[in-house]
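Now for the letters of each chain:
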Amino acid sequence: MKKTLMRGLAAFLLAAGLSASPALAADMQITVNGSALSSDVAPLVINNRTMLPLRACAEALAATVNYDASGRIDIYRGNDKIVLLLDTPAAWLNGEKRPLDVEPQVVESRTLVPLRFIGEAFDCAVNWQPENNTVSIAAAQASGQPATDTPTPAPAPDPAMTPETVPDAATIANQALQQLNSVRLQKHLDAFSTAAELGTMADAHSKDMAEDGYFSSNSPTAGTLSSRAKALKLPQPTEIIAKIDYRTETVYQAVTKWLTDDDTRSALLDASAGYIGIGAYQQPDTTYVYLTAEVIPSRAYFTELPAASTVTAPKLAVRGRSQRLTENVIVYRLADGSAQMYSDKQTYAAKGDGTYFYTEVEFDDPGTYALQVGNCLVKVTYKPAE
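So, here is what we can say about the structure in this document.

What counts as what
- The numbering scheme is per chain: residues are counted from 1 as the chain's sequence reads.
- Reporting of local features is limited, given that this is a predicted model, to residues whose pLDDT is at least 70; pairs of side-chain atoms are given and counted only at 80 or more, and all residues count toward the totals for whole chains, interfaces and linings.
- To obtain the side-chain values, all non-hydrogen atoms of the structure were included, while hydrogens and water were left out.
- Each cavity reported here is a set of points on a 1 Å grid over the protein atoms alone in which a 1.4 Å probe fits but cannot get out, each pocket an open set with protein on both sides within 12 Å along at least five of seven lines, and each lining residue one with an atom within 4 Å of a point.
- Grid points are joined across faces, edges and corners, and a volume is the space filled by probe spheres set on the points.
- Strands are runs of DSSP state E lasting at least two residues, helices are runs of H or I lasting at least four, and both sets are numbered from the N terminus onward.
- For this classification, Asp, Glu, Lys and Arg are treated as charged, while Ala, Val, Leu, Ile, Met, Phe, Trp, Tyr, Cys and Pro are nonpolar and the rest, including Gly, are polar.
- When accessible area is computed with a 1.4 Å probe and restricted to protein chains, residues below 20% of their type maximum are described as buried, those above 50% as exposed, and intermediate ones as partly exposed.
- Strand pairing is assigned whenever DSSP detects at least two bridges linking the two strands.
- Whether two residues touch is decided by their heavy atoms; if any such pair falls within 4.5 Å, the residues are in contact.
- For every element, the axis is a line fit to its C-alpha atoms; helices are fit only across the contacting stretch, and the angle between N-to-C directions ranges from 0 to 180 degrees.
- By the definition adopted for this analysis, an angle is roughly parallel if under 35 degrees, roughly antiparallel if over 145, roughly perpendicular if from 65 to 115, and oblique otherwise.
- Left-handed describes a crossing whose near helix is turned anticlockwise from the far helix through less than a right angle; right-handed describes the clockwise counterpart.

To continue, consider the layout of surface pockets. Counted as a void, the second largest pocket has a volume near 560 Å³. Asn-66, Tyr-76, Ala-170, Ala-173 and Asn-174 are, among the 26 residues lining the second largest pocket, the residues nearest its centre. For the lining of the second largest pocket, the secondary structure elements donating two or more residues are strand S7 (80-85), helix H4 (169-186), helix H5 (196-212) and strand S16 (275-282). Among the elements that make up the lining of the second largest pocket, the one with the highest residue count is H4 (seven residues). Classifying every residue of the lining of the second largest pocket by side-chain character gives ten nonpolar, twelve polar and four charged.

And the structure:
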């Protein structure tokens, strides 16, 4: 792995138009603001352009990524946004179309993106330092992005704010996500990945609170957090909410309050948490915005599988989210219906593509089973049809 990585680093220099002696290739490094770039897959040179796995590239530049099943990739950093499409030699920077020498593509189940284009689009500099055989990437603080977990709010509240000048919901949600991921990266935690299904849940709750005029995780119409998650066939997330009056407060201040409250801080800075959905909704004809964050306290979780269910077939298709190429799904047969004891245990290696995983599990006998991936646990009762 080390030799493969070093070959990739040497190739990066050639793709960047920098000269180096092949004899020195084994000593070369890539750093971002002085820290060594870490990636589980080495950079790859395609048509003289360095391609880096999407996640490593985003985290190196303290950016946030939303990658959906259609192959669209949205990369946010501060107030800037890049849109990429798989197998498309073009990108959009803040809405302006730009050509790409090499299109984003999937290689060995990893999505690769052009590092130089993304770095330069985000005003980062790439330099060759011959004295220590290092390629350094200087990534300046993003515009509109706070520097610490207790930042000075930016922009400042505006007493003259009107309902028409309140930022749009997508901007507010992205600012919150940027601030949270900035803090997580400073604390050497993986950045949150966004999940469309969690975003849908967060959007719906923010809208419900704004339109019905309440502030709680218990909805008068949609029910409790547990029931809302179950309706979407999701494990129960940790839900965090805020109500912002844009005349006196900004999203930065609201998120800072989350990060200084013991309960919400522990959820947002949980090292095992991997996925988040953030939704914002403006209360009609006011400067009030309701903000909701849904956090799954696990690096992987099941989708389309409620917390408890009953099946009549001995086989069950299991799908979920994970950034790994293989996820272990553990199936326990619970003893006598006890949630604490089990009589049998099987492990299934679920194949993934870096976004989703899939496998089939089998139930040998009728009974209740616990299925676990990461920290996510669901119960399935197998009851054959009579």
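Past the structure itself, the notes keep going.
It is worth spelling out unusual backbone geometry at this point. Here Asn-94, not a glycine, exhibits a phi torsion of approximately 50°, which is positive. As for its position among the elements, Asn-94 is in the loop between strand S8 (90-93) and strand S9 (96-99). Looking at Asn-94, the relative accessible area reads 46%, which means it is partly exposed.

A separate point is the sheet that holds strand S17 (residues 288-296). One open sheet holds the four strands; their spatial order is S14-S16-S17-S15, and the pairing between them is mixed. At either end of the open sheet lies a strand with only one pairing partner, and these are strand S14 (193-194) and strand S15 (238-245). Where S14 lies against S16, two bridges are found, and the strand directions are parallel. By the bridge assignment, Thr-194 is partnered in S16 with Ile-276. Strand contacts of H4: S14, S16 and S17, with the helix running at about 145° to S16, the strand carrying the most contacts.

Moving on, we come to the environment of Arg-55. Structurally, Arg-55 can be placed in helix H2 (residues 54-60). When the C-alpha atoms of Arg-55 and Val-113 are compared, they prove to be 9.5 Å apart, with 58 residues separating the residues in sequence. Apart from residues no more than four positions distant in its own chain, Arg-55 is found in contact with Asp-190, Ala-191, Ser-193 and Gln-323.

The next subject is the environment of His-188. Relative to the helices and strands, His-188 resides in the loop between H4 and S14. Given a relative accessible area of 75%, His-188 falls into the exposed group. C-alpha of His-188 to C-alpha of Ala-271: the two residues are 83 residues apart in sequence and 9.1 Å apart in space.

Two elements in contact, H4 and helix H7 (residues 251-260), have axes whose closest approach is 9 Å; the angle formed by their N-to-C orientations is 40°. In terms of axis orientation, H4 runs oblique to H7. Once H4 is placed against H7, the crossing between them reads as right-handed. Contacts between H4 and H7 involve Ile-172, Gln-175, Ala-176, Gln-179, Leu-180 and Val-183 from the former and Val-251, Tyr-252, Val-255, Thr-256 and Leu-259 from the latter. A class-by-class count of the residues in the contact of H4 with H7 yields eight nonpolar, three polar and no charged.

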